[in-house]
Amino acid sequence: MKYIAALLLLILNLIAIPLNIIFMKVQKWYLPMWKKDKVMYFAFAPFYWILFVLTSVFSYPCDILARLAH
């Protein structure tokens, strides 16, 4: 079971780590838009939240599998 969990963890991390990096860069750009330009903030909100959900969907199983692998 540990080997299967480790393999799944490897595969999920190949997706989750770059997705987290992209999310952090987008977040650094997106959150200050509230004070700069509210129209751009609300126009980009659906894309930001889709990226947030995708990041959460791939990161949460990685955390669980990492605990199972140890």
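A short tour of the structure in this document, coming up.

Rules used in this analysis
- Every chain begins its residue count from 1, and numbering advances along the sequence as written.
- Owing to the predicted nature of the model, reporting of local features is limited to residues with pLDDT of at least 70; listing and counting of side-chain atom pairs is limited to 80 or more, with chain, interface and lining totals taken over all residues.
- Note that water and hydrogens are dropped before the side-chain values are worked out from all heavy atoms of the structure.
- A run of H or I in DSSP becomes a helix once it reaches four residues, and a run of E becomes a strand once it reaches two; helices and strands are each numbered from the N terminus.
- Axis definition: a line fitted to C-alpha atoms, limited for helices to the stretch in contact. Angles are taken between N-to-C directions and run from 0 to 180 degrees.
- Angle categories: roughly parallel below 35 degrees, roughly antiparallel above 145, roughly perpendicular from 65 to 115, and oblique for all the rest.
- Crossings are sorted by hand: turned counterclockwise from the far helix by less than a right angle, the near helix makes the crossing left-handed, and turned clockwise it makes it right-handed.
- Expected helix span is taken as 1.5 Å per residue step, with the number of steps being one fewer than the number of residues.
- The angle separating two fitted axes, one through the seven residues that finish at a residue and one through the seven that start at it, defines the bend at that residue.
- Between buried and exposed lies partly exposed: a residue is buried under 20% and exposed over 50% of the maximum accessible area for its type, with that area taken using a 1.4 Å probe on protein chains only.
- The criterion used for residue contact is that any of the two residues' heavy atoms lie within 4.5 Å.

### Description of the environment of Gln-27
Looking at where Gln-27 falls in the secondary structure, it is placed in helix H1 (residues 2–30). Placed 21 residues apart in sequence, Gln-27 and Tyr-48 show a C-alpha to C-alpha distance of 7.8 Å.

### Thoughts on the packing of H1 against helix H3 (residues 38–69)
Here H1 crosses H3 at 155°, and the two axes come no closer than 8 Å. Relative to H3, the element H1 is oriented roughly antiparallel. Crossing angle aside, the handedness with which H1 passes H3 is left-handed.

### What about H3?
The end-to-end C-alpha distance of H3, which contains 32 residues, comes to 44 Å, matching closely the 46 Å that a straight helix rising 1.5 Å per residue would cover. Ala-45 marks where H3 bends most, by close to 45°; the proline Pro-46 follows one to four residues later. Residues of H3 that are buried: Tyr-41, Ala-45, Tyr-48, Leu-51, Thr-55, Ser-59, Cys-62 and Leu-65. Considering only its buried residues, H3 is in contact with H1 and helix H2 (33–36).

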